[in-house]
Protein chains: 2
Amino acid sequence: MISRKEYENAVVRTLGYFEKAGIVITDEEKTRIEIADFGLGRLEKEGLEILTYVNTERCCAKELVMFPGQTCCEHRHPDVNGRPGKEETFRCRYGEVYLYIEGVPARHIKATVPDAGAGAYTVFHEICLYPGEQFTLPPDTLHWFQAGPLGAIVSEFSTSSVDEADIFSDKNVQRETIIE
Amino acid sequence: MISRKEYENAVVRTLGYFEKAGIVITDEEKTRIEIADFGLGRLEKEGLEILTYVNTERCCAKELVMFPGQTCCEHRHPDVNGRPGKEETFRCRYGEVYLYIEGVPARHIKATVPDAGAGAYTVFHEICLYPGEQFTLPPDTLHWFQAGPLGAIVSEFSTSSVDEADIFSDKNVQRETIIE
């Protein structure tokens with residue numbers, strides 16, 4: 001849960017990132033920026049700001065804005081009704097982002113693991129993305145990511161997005177944001 | 001067919017557009033900008049500059065750069081092997097772009113129809129896109145588009161891209177560019 005004021009502040013900051021990166025969005029889009037606190041109530045630490053450009057039955061494109069050090073909680077996109085899970089490409093547009101997936105863990109990761117319950121963060125194979133760099137995640141890949149000190153903007157190109165199907169490692173996560 | 005020099009000039013100009021719009025691309029990407037003259041040999045009039053970020057079996061993302069007044073020839077993306085054709089969203093990032101599809105024709109279109117053979121341009125329902133604006137084309141929709149006086153950058157978010165399946169209205173079009 002976040003307060004109305006916290007929500008509004010987050011929207012204003014998000015618009016500031018778009019402006020800084022020269023990404024033009026419409027007035028209509030400004031009114032529907034999604035502020036996701038994952039139901040944890042600590043948006044600055046674990047959260048994500050999302051503008052969905054398009055999401056059809058077949059494909060989807062979004063901009064993800066992240067505040068400095070902000071983390072998108074570990075999750076995966078499983079198969080749904082026999083259809084393969086979401087495949088997504090993250091492309092860094094601004095700032096830097098540290099992405100973690102299954103595989104050989106980095107000895108010293110660049111991110112600071114959020115202070116969450118046991119089992120909330122379990123994969124530590126590190127992929128650092130700087131502006132212009134991207135990485136494609138196959139469906140059902142466990143992953144989490146954190147912005148560097150400047151925050152980040154990440155373009156997401158993917159198959160259809162079905163947020164409610166996402167499986168989070170932290171059982172306290174609720175994908176839908178409740179605004180007080 | 002275009003000359004090596006024409007190709008190289010077009011790449012340099014394309015990179016200039018990305019720079020102007022603040023779109024960062026990697027050195028590797030700079031080496032694989034596609035210059036499409038549609039086999040017509042009049043790139044300035046009918047052509048397209050393309051950077052494909054990702055193109056998998058399921059989804060695709062590209063940036064399209066267009067020089068001032070440049071036109072992407074009329075075409076459609078048919079079903080292939082029983083799979084529905086390409087669905088695509090065009091999002092204007094820079095400049096302006098005039099998109100034409102089937103439907104009620106505009107009385108006075110903003111674009112100048114290229115001097116091509118009969119039947120090369122047949123649809124004139126106009127959609128003007130300015131920065132931040134976008135339009136989603138269902139599969140198999142006949143369409144063509146032209147950049148305004150500043151040129152344009154258009155992000156394309158789509159299902160898988162299979163250029164060789166495209167059907168162009170101008171029978172002289174050859175999708176693959178031959179560089180002398």
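Residues numbered from 1 in each chain as written. Chains lettered and ligands numbered in written order. Predicted model: local features only at pLDDT ≥ 70, side-chain atom pairs only at ≥ 80, totals over all residues. Heavy atoms only, no water.

By volume, the largest pocket is sized at about 730 Å³. Forming the boundary of the largest pocket are 31 residues, of which Glu-57, Arg-58, Arg-83 and Thr-159 of chain A together with Arg-58 of chain B lie nearest the centre. Among the residues making up the lining of the largest pocket, the classes are represented as 10 nonpolar, 11 polar and 10 charged. Here the second largest pocket is characterised by a volume of approximately 160 Å³. Residue lining of the second largest pocket: Ala-21, Gly-22, Ile-23, Val-24, Glu-63 and Arg-93 of chain A together with Ala-21, Gly-22, Ile-23, Val-24, Arg-93 and Tyr-94 of chain B, and that is the complete set. Tallied by class, residues from the lining of the second largest pocket come to seven nonpolar, two polar and three charged. (1 Å grid on protein atoms, 1.4 Å probe; cavity = no way out; pocket = protein on both sides within 12 Å on 5 of 7 lines; lining within 4 Å. Points joined across faces, edges and corners; volume = space filled by probe spheres on them. Nonpolar A, V, L, I, M, F, W, Y, C, P; charged D, E, K, R; others polar.)

Before going further, it helps to examine the relation of the copies chain B and chain A. Its rotation angle being 180°, the transformation that places chain B on chain A also includes 0.0 Å of axial translation and leaves an RMSD of 0.0 Å. Taken together, the rotation angle and the small translation identify this as a two-fold axis. When the interface residues of chain B are mapped onto chain A, 100% of them are again interface residues, pointing to one common binding face. (Least-squares fit on C-alpha atoms with pLDDT ≥ 70 in both. Contact = heavy atoms within 4.5 Å.)

Per-residue pLDDT for chain A averages 96, and the proportion of residues at 70 or more is 100%. Taken together, the chains of this predicted complex give a pTM of 0.97 and an interface ipTM of 0.96. (pLDDT = per-residue confidence, 0-100.)

The next point concerns the interface of chain B and chain A. Many structure descriptions define interface size as the accessible area lost when the parts assemble. The interface of chain B with chain A comprises 29 residues on the first partner and 30 residues on the second. Around 2200 Å² of area is buried between chain B and chain A when both sides are counted, 51% of it from carbon and sulfur atoms. The interface formed by chain B and chain A holds four salt bridges in total. Arg-93 of chain A serves as the salt-bridge partner of Glu-63 of chain B, at 3.3 Å between the closest nitrogen and oxygen. At the junction of chain B with chain A, the criterion picks out 16 residue pairs in polar contact (both at pLDDT 80 or more). Residue assignment for the side of chain B that touches chain A shows that the elements contributing at least two residues are β2 (48-55), β3 (59-66), β5 (88-101), β7 (134-137) and β8 (143-159) of chain B. Of the residues in the side of chain B that touches chain A, the class split is 12 nonpolar, 10 polar and seven charged. (Buried area = accessible area lost by both parts, 1.4 Å probe. Salt bridge = Lys/Arg side-chain N within 4 Å of Asp/Glu carboxyl O. Polar contact = N/O pair within 3.5 Å; in protein donor to acceptor, adjacent residues only side chain to side chain. Helix = DSSP H or I, 4+ residues; strand = E, 2+ residues; numbered from the N terminus.)

A few words now on the side chain of Glu-156 of chain B. All names here are of chain B. Tracing the chain through its elements places Glu-156 in strand β8. The exposure class assigned to Glu-156 is buried, which follows from its relative accessible area of 5%. Of note is the side chain of Glu-156, whose polar atom sits 2.7 Å from the side chain of Lys-86. Residues in contact with Glu-156, not counting those within four places in the same chain, are Cys-60, Ala-61, Lys-62, Leu-64, Lys-86, Glu-88, Thr-89 and Phe-90. (Buried < 20%, exposed > 50% of the residue type's maximum accessible area, 1.4 Å probe, protein only.)

Take the pairing of strand β4 (residues 71-76) of chain A next. A regular strand places its side chains so that they alternate between the two faces of the sheet. Residue and element names in this part refer to chain A. Counting buried residues along β4, five of its six residues qualify, which places the element largely inside the surrounding structure. Pairing between β4 and strand β8 (residues 143-159): three bridges, direction antiparallel. Paired with His-75 across the bridge in β8 is His-143. (Pairing = 2+ DSSP bridges.)

Another point: the pattern of salt bridges. Tallying each qualifying case throughout the model produces 24 salt bridges over all chains. One salt bridge connects Arg-42 of chain A with Glu-46 of chain A, and the closest N-O pair in it is separated by 2.5 Å. For Arg-42 of chain A, a relative accessible area of 30% puts it in the partly exposed group. Of the charged contacts in the structure, one is a salt bridge between Lys-86 of chain B and Glu-156 of chain B, with a shortest N-O distance of 2.7 Å. Taken together, the residues Lys-86 of chain B in the loop between β4 (71-76) and β5 and Glu-156 of chain B in strand β8 connect sequence positions 70 residues apart.

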